[in-house]
Amino acid sequence: MLGLTHSEVAQLQAKDGFNEIATAEKKSVFVLLLRILSEPTFSLLFLAGAIYLILGKIEDAIILIGFIFISVGITLFQERRSEKAIDALRVLSSPRAIVIRDGVKQRIAGKDLVIGDIVILEEGDRIPADTVLLEVHDLLIDESLLTGESNPVGKAVDHHVYSGCMVIRGNAIARVSAIGSHTELGKIGGSLKHIVNLNSPLQDDIKVLIKRFTYFGVILSLAVLIIYGLLQQDWLQGALTAISLTMALLPEEFTVILTVFMALGVWRISRQKVLTRYAPIIETLGSITTLCVDKTGTLTLNKMSLEVLATPDSILKIGTSNKTLNPSHEELLSYSILASEIEPFDPMEQAFHAKSYLLQNQGIYSNFQLIHEYGLSAELPMMAHLWRAPNSDQCLVAIKGAPEAVLHQCKLSADQKNQIEHQIQSLAGQGLRLLGVAKASYQVQSTWPDTLNSFDFTWLGLVGLQDPIREEVPSAINQCQSAGIRVMMITGDHALTAQAIAKQAGIDSKSVLSGADIRALSDANLQEAVKSTFVYVRIKPAEKLRLVRALQANNEIVAMTGDGVNDAPALKAAHVGIAMGKRGTDVAREAASLVLLNDDFYSIVKTIKQGRQIYDNLHKAIIYIVAIHIPMAGAVFIPILLGLPPILDPIHIVFLQMIIDPACAIIFEMEKPDSDVMQRPPRNIHSKLFSLENISMAVIQGAGLTAIVVGMYLLLMYQGYSHALATTLSFGSLVLGNVSLIVVSRSKKDHLFAILRKTNPSQKWILGFAFVSFLLLVSIPFLRERFQFSTLTPNGIAIILASGLIGIAWYELVKLGYKRKWME
């Protein structure tokens, strides 16, 4: 089959559009703008603007509203940036399809299908469009998504199969008959599931914390309003002061940073060739203690080459040379190819076909017809094809699979079995992946046997395949071990093959457990065994699930890889399920929380590192936010208690927020990982972001800055200096203290000079904006009057700089004290 041509596809896409079902409308800029303006902070700002107008301070109201628009613009930019990061990933999460176009088999995004495309359906695939079956091999379809019936339905040629249904068994070739909204799924209003965002414990914690801060802020602000109104008899100014205090105490940045960090975290992880299907899983990445990985295609390249043909009489190493095969080796290779797919997609079967040029009689089976097949299954690790000879009711049976399984089907003497076992031990010890091959003959009948036990098989020999380990794997595993993460290798291969590969990778291979061993162990014994075993062989999906549960019973945080239909339970049970993107089934992808787009182990390690970095940076941002809100609140509340005007009005606070918001959502999000991010043990999954340690550190840093800012203001006021001068210098010290706090907070452990050596592209722009804006406020008369500032003199600049140095010294002392505490 040639399928459609490139030009035909382009014409059909122009005519019918993409294979997409309409989903909920994307939020417009206007909708986002309304949501932002409805937030409490902006409501308070508009209320403050109204009070300025009532007081006749029109210029102040205009300035405040101008700042509101700038702040809204910054928030809108962050929201749109987050949305674009998610949108860029939707194409990656789209269902996939294997099609034949221009005579070439290729994998494309499901949305690119057009009517008339020739689609190959494999076990575990979710059907990407409505199709008509052209060729069928033992096909069972789960149509429960459409019909609600749980029992799979058998399908034959000319039957229809529908978009969204699942291939449970077998394979087929089909022609697309309907796409997008014209499919049966589209007609009943089904929707595609792409990246799913769920509320995580962290999101719930932040909501609760914001609610508590809000209640506390409102109660305290009402008290300030009453006190100010009664003492000063100026209720409108008291209302402004109360609004200022509420804004100072309301940490609305928590929601902003969580949204930005998670959205951009998903995008950054995608750059490591990993798709995050559930954003909250980022919280778990830094807690992974055990990583269970499949050998083939993850630790190895999954680029198979046929290296050895081993008959009972001799072993032939073929490599890349043009060896001449004797009759027994020729028969072994021929039956290896006959037991494979005609147009193989699996690298192992491709390796057999790649050596077909060695066959002297390549066309001997060209007229044979494939009439029946027995597929590979977890219970039966082998597959068989039945080929009918032309003009005959006789057929030959070719079988290949795990050597012990194929041996079990053959009638051999004890000596013959011992000889074959010796070959298996020798070849597996070289790291070769081994398959047994056998043949049988059978007379065509109206019905086929239910099992392979009805055939009389003759052993032909072993085929040995080489699958090189990925070059970066040993280094990546070493990184995991340094980070306190145990790496377990899981494979369906022979124990000796697995041990050879594990040794190359740097995985402890002294102890090995097989699937049979696991089945024989009780749950308690398995829990004990997994503590010291790192290599697992001849593992079936059910054993994977038991491994996950045994590790979890030992309080391990488990990441598990998988690619098959039957891997789904283990992927779902693991704390972090990782599906293979290239060779993985749609069932596995949907059960997993991460999809490895390049099937590369090193991408998993980089993703864990990225997850730790995201959580670390979130820690830093939280500490900074809590710390900076303390002097903001103190600058309003403390002067009121002492009968003095507050340092900050709403106009001052909105200016500070224009620095705080981008600082916490951009500078900290872009911060590079600490040097020891993969040198420390995994984070306790039960540890809280708002821990006593983090909050106490923030409170102490914030209290120090409060003492500097408010202390300077009180000293100047009590010494008889003007309110304008006192406000200018104390506000300047708060701006500088804020800026220095941003820089110092970029690392919880490194000192200031080490931090300054680390580049952060956004820091210079945001801090530069803060300094230039403050200079404009004190230099431009109109702005200076609105902010109640005085002209800044050299002495004033020196005082502000001195306060900044004191602040930096305080932050560093606090950090040093906590660093010593962490090291104890």
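See above for the structure.
Described in the following lines is the structure provided in the data block.

About the thresholds
- Residues numbered from 1 in each chain as written.
- Predicted model: local features only at pLDDT ≥ 70, side-chain atom pairs only at ≥ 80, totals over all residues.
- Heavy atoms only, no water.
- Helix = DSSP H or I, 4+ residues; strand = E, 2+ residues; numbered from the N terminus.
- Buried < 20%, exposed > 50% of the residue type's maximum accessible area, 1.4 Å probe, protein only.
- Contact = heavy atoms within 4.5 Å.
- Areas by Shrake-Rupley, 256 points an atom, 1.4 Å probe, with all protein chains shown as cover.
- Axes fitted to C-alpha atoms, helices over the stretch in contact; angles between N-to-C directions.
- Parallel < 35°, antiparallel > 145°, perpendicular 65-115°, else oblique.
- Left-handed = near helix turned anticlockwise from the far one by under 90°.
- Nonpolar A, V, L, I, M, F, W, Y, C, P; charged D, E, K, R; others polar.
- Pairing = 2+ DSSP bridges.
- Phe/Tyr/Trp six-rings, centres within 6.5 Å; stacked < 30°, edge-to-face > 60°.

Brief notes about the overall build of the chain
So, point 1. Scanning the chain from terminus to terminus reveals 30 helices and 22 strands.
So, point 2. Counting all 824 residues of the chain, 55% fall into the buried class.
So, point 3. In the chain, the proportion of contacts linking residues at least 24 apart, taken out of those at least 6 apart, comes to 73%.
So, point 4. Split by element, the accessible area of the chain, about 35,100 Å² in all, is 58% carbon and sulfur.

Points about the packing of helix α23 (residues 601-641) against helix α26 (residues 723-744)
So, point 1. With their axes 11 Å apart at the nearest point, α23 and α26 run at an angle of 165° to one another. Our classification of the angle between α23 and α26 gives roughly antiparallel. Once α23 is placed against α26, the crossing between them reads as right-handed. Between α23 and α26, the residues in contact are Tyr624, Ala627, Ile628 and Pro631 and Leu734, Asn738, Leu741 and Ile742, respectively.
So, point 2. Class assignment for the residues of the contact of α23 with α26 results in seven nonpolar, one polar and no charged.

So, the side chain of Thr497
So, point 1. Among the secondary structure elements, Thr497 is positioned in helix α17 (residues 495-505).
So, point 2. Those residues in contact with Thr497 that sit more than four places away from it in its chain are Ala428, Gly431, Leu432 and Arg433.

Some points on the sheet that holds strand β17 (residues 486-490)
So, point 1. Within the open sheet, the eight strands sit side by side as β8-β22-β21-β20-β9-β17-β19-β18. Their pairing is mixed. Either end of the sheet is taken by a strand with one partner, and the two such strands are β8 (274-276) and β18 (512-514). Going across the sheet, the axis of each strand differs from the next one's by a mean of 20°, ignoring polarity.
So, point 2. For β8 and strand β22 (residues 594-596), the ladder comprises three bridges, and the chain directions are antiparallel. Residue pairing for β22: Thr276 is matched across the bridge by Leu594.
So, point 3. In the packing of helix α20 (residues 541-553) onto the sheet, contacts are made with β9 (290-294), β17, β19 (535-537) and β20 (558-562), and the angle to β20 comes to roughly 170°.

Considerations on the pairing of β20
So, point 1. The buried count for β20 comes to five of five residues, which makes it a mostly enclosed element.
So, point 2. Here β20 shows no split at all, with Val558, Met560 and Gly562 on one side and Ala559 and Thr561 on the other all buried.
So, point 3. Note: β20 against strand β21 (residues 576-580), four bridges, orientation parallel. Looking at β21, one finds that Ala559 is bridged to Val576.

Topic: the packing of helix α24 (residues 650-667) against α26
So, point 1. α26 packs onto α24 with a crossing angle of 5° between their chain directions and a minimal axis gap of 11 Å. It follows that α24 is roughly parallel to α26 by the angle criterion. From α24, His652, Phe655, Leu656, Ile659, Ile660, Ala663 and Ile667 reach across to α26, where they touch Thr727, Phe731, Leu734, Val735, Asn738 and Ile742.
So, point 2. Its residues assigned to classes, the contact of α24 with α26 comprises ten nonpolar, three polar and no charged.

Let's talk about the side chain of Gln701
So, point 1. Relative to the elements of secondary structure, Gln701 occurs in helix α25 (residues 692-718).
So, point 2. The residues touching Gln701, leaving out its near neighbours within four places in the chain, are Ile623, Ala627, Leu741, Trp810, Tyr811 and Val814.

Observations regarding the environment of Gly711
So, point 1. On the secondary structure map, Gly711 appears in helix α25.
So, point 2. Considering only alpha carbons, one finds Gly711 and Ala635, 76 residues apart in sequence, at a separation of 9.7 Å.

A closer look at the sheet that holds strand β16 (residues 458-466)
So, point 1. Spatial ordering of the open sheet is given by β11-β10-β16-β15-β14-β13-β12, a layout of seven strands whose pairing is antiparallel. A single partner strand is all that each edge strand has here, and the edge strands are β11 (315-317) and β12 (369-374). Between one strand and the next, the sheet's axes are offset by a mean angle of 25°, whatever the strand orientation.
So, point 2. Taken together, the five bridges between β12 and strand β13 (residues 382-388) define a ladder with antiparallel strand orientation. Considered in β13, the bridge of Tyr374 is made with Ala384.
So, point 3. Seen against the sheet, helix α13 (residues 347-354) touches β10 (305-310), β13, β14 (394-401), β15 (433-443) and β16 and runs at an angle of roughly 105° to β16.
So, point 4. Each of β10, β11, β15 and β16 is contacted by helix α15 (residues 414-428), which is oriented at about 5° to β16, the strand it contacts most.

What about unusual backbone geometry?
So, point 1. Of note in this structure, Asp158 is not a glycine but carries a positive phi near 75°.
So, point 2. Looking at the secondary structure, you find Asp158 in the loop between β5 (153-154) and β6 (160-161).
So, point 3. Owing to a relative accessible area of 58%, Asp158 belongs among the exposed residues under this scheme.
So, point 4. One non-glycine residue, Lys273, adopts positive backbone phi at about 65°.
So, point 5. With respect to the helices, strands and loops of the structure, Lys273 is situated in the loop between α9 (253-270) and β8.
So, point 6. Exposure remark for Lys273: the relative accessible area of 47% places this residue in the partly exposed category.

A look at the packing of aromatic side chains
So, point 1. The final tally for this structure, using the stated rule, is 13 aromatic pairs.
So, point 2. Ring geometry for Tyr374 and Phe455: centres 5.9 Å apart, planes at 75°, overall edge-to-face. You can see Tyr374 sitting in strand β12 and its partner Phe455 sitting in the loop between β15 and β16, a full 81 residues away along the chain. By the burial criterion, Tyr374 is buried, and Phe455 matches it.
So, point 3. Ring geometry for Phe655 against Phe787: centres 6.3 Å apart, planes inclined by 80°, an arrangement best described as edge-to-face.

Brief notes about the environment of Leu236
So, point 1. If you trace the backbone, Leu236 turns up in helix α8 (residues 235-249).
So, point 2. When the C-alpha positions of Leu236 and Ile54 are compared, they lie 8.6 Å apart, and in sequence the two are 182 residues distant.

Structural notes on the pairing of strand β4 (residues 130-142)
Successive residues of a regular strand alternate their side chains across the two faces of the sheet.
So, point 1. Summarising the sheet, β4 and strand β7 (residues 166-178) pair through ten bridges and their orientation is antiparallel. Across the sheet, the residue bridging to His137 is Asn171, located in β7.
So, point 2. The pairing of β4 with β6 spans two bridges and is classified as antiparallel. Bridged to Thr131 within β6 is Val161.
So, point 3. Note: β4 against β5, two bridges, orientation antiparallel. When the sheet's bridge partners are listed, Leu140 is paired in β5 with Gly154.

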